[in-house]
Amino acid sequence: MKTYSSSQDLSGQWMIQHFEVGEKRAMDVAAAALDDRFWIGAEVPGDVHAALVERSIIDPPYYGHNDAKSRWIEQKEWWYRTTFNLVRDAETEEHFELVFEGLDTFATIYVNGHEVGKTANMLMSHAFDVTSLVRSGWNAIAVKFDPLHLHHQDKETFDWSSYTKERPWLRKAAMNFGWDWGPRMVTVGIWGTVRLEKRTIAKLENMYARTESVSSELAVLHVTADVKSVLSYRNRQKREQAVVATCNVRLLDRSGHEVAGVTELPVEGGIADTTLNVTSPQLWWTHDLGEPYLYTLEVTLFADGVEVDRYSEPYGLRTIELALHNERGEDAFTFILNGVKVYAKGANWIPADHLIGAIPNSRYRELVELSVEGHMNMLRVWAGGIYEKDVFYDECDRQGVLVWQDFAFANALFPDFNRDFMDNVRQEVENNVLRLRNRASLALWCGNNEIDWLYDMKSASGDITSPFYGEQIYHELIPEVLERLDLSRPYWPSSPFGDSNGQDANDPDVGDRHNWQVWHGSVYPRKHGEPPLLDYSIEGVTFKNYKKDHALFSSEFGMHASANRYTLEKNMPAGQFYWGSPEMAYRNKDTNHQKGILLMEGYTGIPQDIEEYMNYSMLTQAEGLRYGIEHFRRINHRNSGALVWQLNDSWPGTSWSMIDYELLPKASFYYGKIFLHPVLLSLEHEPGEPLALWVVNDTRDVLKGELRLNVYALDGEKIYSSSRAVEVTSQSSRCIVELTEVEVLQGRRAEEVMVELVSEGFAAPSNRYFLRDPKDVTLPESQLSVHVNEEEQSVTVTASGGIARLVKLELPLGRVRFSDNYFDLLPGESRTVRLLHPEQTSLPLTELRVSAMNGREG
């Protein structure tokens, strides 16, 4: 996280209170001497909902239907107040700025009873010059937040704005108004940190560091510092000579040793500009391709030889490109890191909680850690949330995860014809580009989520009859800002985007693609201008449709799965934890609950109780994502990325997430440790067709060894085994052999076996498959024996009787890390699972529950 000198942190405990609109005169509530002792204590950063929950004024909004009981909050006028002490130096001219990293949303700010400005954008930081207002000693700040309806009730409504008509005029996180994975929860408050910055003479306004080129011998780093005078006009006139400003620029390694630098760099026209040559550089890589090495970039500003400001920030030396054509001149969509192709494996990121301001830093750290543990190397920050907090990018920089960053425009028309709105948007775009452009992890700017594609779909269906309001933002305003402020990484106008031969913007042959044929039943291919078709049938929504998709880059696809037992039971009233209950239905915000039923009906069969629903939905998601991602990775000569929708949840519901709200991974996450591993052993097979055995190699090394196929009967007997020599070049895939069903089944029925792929001579996780869908496989009863080692915090599970399908370990606790879970065991096979919690050293292992789809502990 970047740091500047001379700032006073004003975060922490503030006071809040609400009034009816017009009930109080604003200047009276803003008065410095107002007695607010009987107001409500609230933490900053935070929000009103979180503060009221903390004080037991409202019930926890995620429990049951309680979110509906807190709707009154969005109708009120809310005030925040705090005080602070300041020591001013009478001998020195000091300049003070009050900086808010996040105000949600329409705020008026007062310092010592004086109004200093208004804001109309949640999605950016705001700074106010308060030099003439702050005083030595005691000072007061008040912030008034208007209810949103005052700012949209008289505005035009458009043909299209998903989930609510009010949000296009409001620069606020779209998901606050509800989405198909979360409830409406319109937050208000100070959601970012607050600080008072003090400067004398001059300050470092902005820093821009960009790696121009890299090799093993040399990296070239260009550094530009924007310097701004903070002297008053009167004092500038009094000075006999102009201030001589210089900068020292240093790049430090982890030991604090300078590896490149320049001293007394002159500031000319408010700019200090230099190039640093770093010999034998340590480059920043994604965690799967190397080490995400971070130097420290330090810039010190001097005025007439005296230090007046300092900037320090971790910095990774790396180059990033987006190749839209391959070496054969064919269309492509491939990220190139330091000259090396990256197969992007990962997921889409939504805000880590609906109550964005109250999210603890630990939640960001744990989610990124889980992504790395799951072999993900890219996260896409989705457009319906926020430009994430610094801690998110800190963790991605540190842990070696690339970030696809959407601008905050999702699934709506936006009034680009309105000057005030566009001025607001321009400030937002510039603010976030300046904040994030030095991040090693930031790989791509993307203009919006699905708007270009869905504008055509909805126009063709007759839902939209207006012009493409908002098009100027993604195709003119944002590119112009990036051309001025950040040419160091690529820009992509929308996701999905790209078309050829009359296809729509979701064309698999150009750009990136969202596959919502699976789950949503969207019928493809589709021509530009054709009315969209939906197929809500078993065949229409099945994940087997993934194999028809030969996208260049798959940036959204996925399917629902239940949250874990603990997550559901914790947030549902007693007696409601059963399949088909009103509370279970309330956990699912998707527009048509039949999709999940159809998906399970065609694969596992329809669940009959809550236990089957949890198991069937988790197994369907896990096997479905494996089916799709293994297909995409097998065609890595063409496809260069697979980003699952979605990584995480913002509340405890049923959704597409791989990790539920309590930070408990679902079965798909543990499956993903295999199907996202840099070296993948993969079986391509359909009933009655040959078994094609593949090895996918995302590493920079050549793989040599053998691939073994083992075939087991469901009672554990090995009925077939064979191996083939393997040699797979770096970053490629290869079909090693094809075998017929007749050969490997050895007279057994396909419903009666499990197959296993094992590497010999090179490292890769083994991979197991059933040759028929679960609904067609009759599993024998399996018994599980469980041994708990309290000292090592581990559990050993052994199966007997028959293959144990989807062995599941559960504890009534959130944030538990299992080294493995949701796995299959052969009879006589044991697996030891280690448990870890980020804060608790001793876990309640006496409450451990171990089960399988076809057996339990006993």
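Please refer to the structure placed before this passage.
Residues numbered from 1 in each chain as written. Predicted model: local features only at pLDDT ≥ 70, side-chain atom pairs only at ≥ 80, totals over all residues. Heavy atoms only, no water.

1. Overview of the overall build of the chain
- Along the backbone of the chain there are 17 helices and 48 strands.
- Taking 2.2 N^0.38 as the reference for a compact globule, 858 residues should give roughly 29 Å; the C-alpha atoms of the chain span a radius of gyration of 29 Å, in line with that estimate.
- Across its three principal axes, the chain shows a C-alpha extent of roughly 100 × 65 × 65 Å.
- Taking all 858 residues of the chain together, the buried fraction comes to 63%. (Helix = DSSP H or I, 4+ residues; strand = E, 2+ residues; numbered from the N terminus. Rg over C-alpha atoms; globule rule 2.2 N^0.38 Å. Buried < 20%, exposed > 50% of the residue type's maximum accessible area, 1.4 Å probe, protein only.)

2. Considering the packing of aromatic side chains
- Applying the stated criterion across every chain yields a total of 46 aromatic pairs.
- Look at Trp 181 and Trp 382: their rings are 5.4 Å apart centre to centre, the planes differ by 75°, and that puts the pair in the edge-to-face class. Of this pair, Trp 181 sits in the loop between strand S12 (177–179) and strand S13 (182–184) while Trp 382 sits in the loop between strand S27 (378–381) and helix H7 (390–399); the two residues are 201 residues apart in sequence, bridging distant segments of the chain.
- On the basis of relative accessible area, Trp 382 is assigned to the buried category, the value being 2%.
- Ring geometry for Trp 516 and Trp 656: centres 6.2 Å apart, planes at 75°, overall edge-to-face. (Phe/Tyr/Trp six-rings, centres within 6.5 Å; stacked < 30°, edge-to-face > 60°.)

3. As for the side chain of Asp 486
- Note that Asp 486 resides in the loop between helix H10 (471–485) and strand S30 (491–492).
- Under the relative-accessibility criterion, Asp 486 is labelled buried at 2%.
- For Asp 486, the side chain forms a polar contact with the side chain of Arg 489, separated by 2.6 Å.
- Those residues in contact with Asp 486, other than ones at most four positions away along the chain, are Tyr 208, Val 433, Arg 437, Trp 445 and Val 481. (Polar contact = N/O pair within 3.5 Å; in protein donor to acceptor, adjacent residues only side chain to side chain. Contact = heavy atoms within 4.5 Å.)

4. Here we look at the sheet that holds strand S36 (residues 703–713)
- With antiparallel pairing, the four strands of this open sheet are ordered in space as S37-S36-S39-S40. At either end of the open sheet lies a strand with only one pairing partner, and these are strand S37 (718–728) and strand S40 (767–770). Within the sheet, the average angular offset between the axes of one strand and its neighbour, ignoring direction, is 20°.
- Sheet topology places strand S39 (residues 753–760) next to S40; four bridges connect them, and they run antiparallel. Across the sheet, the residue bridging to Leu 757 is Asn 767, located in S40. (Pairing = 2+ DSSP bridges. Axes fitted to C-alpha atoms, helices over the stretch in contact; angles between N-to-C directions.)

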